[in-house]
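For reference, the chains in residue letters:
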Amino acid sequence: MRFGILTAPMQVGYDEILRVWREADTVPEIEHAWLFDHLMPIGGDPDGPIFEGWTLLSALAAQTSRLRIGLLVTSNRFRPPAVLAKIATTVDIVSGGRLDFGIGAGSRPSHPLARREYDAHGLPYHSQEDAVAALAEACTVIRRLWTSPEPFDFEGEHVRLTGAFGNPQPVQSPHPPIMIGGRASATLRVVAEHANLWNIPGGGDIADLAARSRLLDKYCAEIGRDPAEITRSIFLPVDYERPETTRAKIAEAADAGFGHFVLGLGNPYPEGVAQWVADELIRR
């Protein structure tokens, strides 16, 4: 079982996030730390402050030395895949090879607080079917940019590149681990083909989450991949007032086959919150 934390970079200052990450970097029980990828708040004051995920992640990479780091998860709708590959490579190098590359199809059109950030930033917003197909092509292109020894062309339905080449390449070989987030059946097919880790939000019906995991097993079998190659990751919000509730959710998820835990920390962050997580949620 591997534990990490997530600090949502909204309604909070950089100094507060940096304090938590620096502390977590000294707590061995916490192995990884995450931000999310939104451009406008999806909770609290809709006009409140929020940081861009990848630039903040690069800053935190330079301020930590041990934690594995990532975004849970990057919206493939926000950045062209070849540009995203370059961004991720830069962060992997800055961190000394500690990046876990999180990516997903992007928020669903039915989520109004997420939808507005696309309109506000002039970003296209297509159907979910279109977004999942684009995600599959993006994963293919990004992996090639991380590993190809020479320039290449790519002609897909959603991505078209001429003379694409990644130099430098990431520190990690053959490339940073790919985490894909999502629960839709179409997304799970992309997970089966491309991911090293799969993440799904928890806190609800564990039977439903376990069923999603079994469906992923099925899709892996269909393409001849060992399902055990894909680490099952779950996001769980932390209840500071009732840690026993969070511990129970961790135990429930572990029994369902999840071994990678991302614990969501609410803001304001208590002093010593990283050590508290280790003492109250991980060791017990």
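Before reading on, note that the structure itself is shown above.
Just so you know, the residues in each chain are numbered from 1, in the order the chain's sequence is written. The predicted nature of this model means local features are confined to residues of pLDDT at least 70 and side-chain atom pairs, given and counted, to a pLDDT of 80 or more, with totals for whole chains, interfaces and linings taken over all residues. Each side-chain value is derived from all of the structure's non-hydrogen atoms; neither hydrogens nor water enter the calculation.

**A word on empty space enclosed by the protein**
Empty pockets left among the atoms are what a rolling probe the size of a water molecule brings to light. This is how the line gets drawn: Cavity means a closed set of points on a 1 Å grid over the protein atoms alone, one where a 1.4 Å probe fits but cannot get out, pocket means an open set with protein on both sides within 12 Å along at least 5 of 7 lines, and lining means a residue has an atom within 4 Å of a point. Grid points are joined across faces, edges and corners, and a volume is the space filled by probe spheres set on the points. Helix and strand assignments come from DSSP, with helices taken as H or I runs of at least 4 residues and strands as E runs of at least 2, each series counted from the N terminus. Residue polarity follows a fixed list, in which Ala, Val, Leu, Ile, Met, Phe, Trp, Tyr, Cys and Pro are nonpolar, Asp, Glu, Lys and Arg are charged, and the others, Gly among them, are polar.
Scanning the model with the defined rule gives one cavity of 30 Å³ or more in all. By volume, the largest cavity amounts to about 40 Å³. Looking at the lining of the largest cavity, the elements with two or more residues in it are α7 (206–222), β10 (231–237) and α8 (243–255). In terms of residue count, α8 provides more of the lining of the largest cavity than any other element does, three residues in total. Across the lining of the largest cavity, the residue classes tally to five nonpolar, three polar and two charged.

**Description of the sheet that holds strand β11 (residues 260–265)**
Note the threshold: For two strands to be treated as a pair, DSSP must find at least two bridges joining them. Residues are treated as being in contact if the distance between any of their heavy atoms lies within 4.5 Å. To get an axis, fit a line to the C-alpha atoms, keeping to the stretch in contact for a helix; angles then go from 0 to 180 degrees between the N-to-C directions.
Strand order across the open sheet formed by nine strands is β3-β2-β1-β11-β10-β9-β8-β5-β4, with parallel pairing between neighbours. Edge strands, defined here as strands with exactly one partner in the open sheet, are β3 (68–71) and β4 (74–75). Taken together, the three bridges between strand β8 (residues 178–181) and strand β9 (residues 197–201) define a ladder with parallel strand orientation. Among the inter-strand pairings, I180 is bridged to a residue of β9, identified as W198. α7 contacts β9 and β10 of the sheet and is inclined by roughly 155° relative to β9.

**Regarding unusual backbone geometry**
Cis geometry is found at the peptide bond from L72 to V73, where omega equals -20°. Counting through the fold element by element, V73 comes out in the loop between β3 and β4. With omega at 10°, the peptide bond leading from N267 into P268 counts as cis. Among the structural elements, P268 can be located in the loop between β11 and α9 (273–282).

**Quick notes on the layout of surface pockets**
Approximately 950 Å³ is the volume found for the largest pocket. Around the largest pocket, the lining comprises 30 residues; the ones closest to its centre are H38, L72, V73, S107 and P201. Among the secondary structure elements, those contributing two or more residues to the lining of the largest pocket are β4, α4 (112–120), β9 and β10. It is β9 that contributes the most residues to the lining of the largest pocket, three residues altogether. Class assignment of the residues belonging to the lining of the largest pocket gives a composition of 14 nonpolar, 13 polar and three charged.

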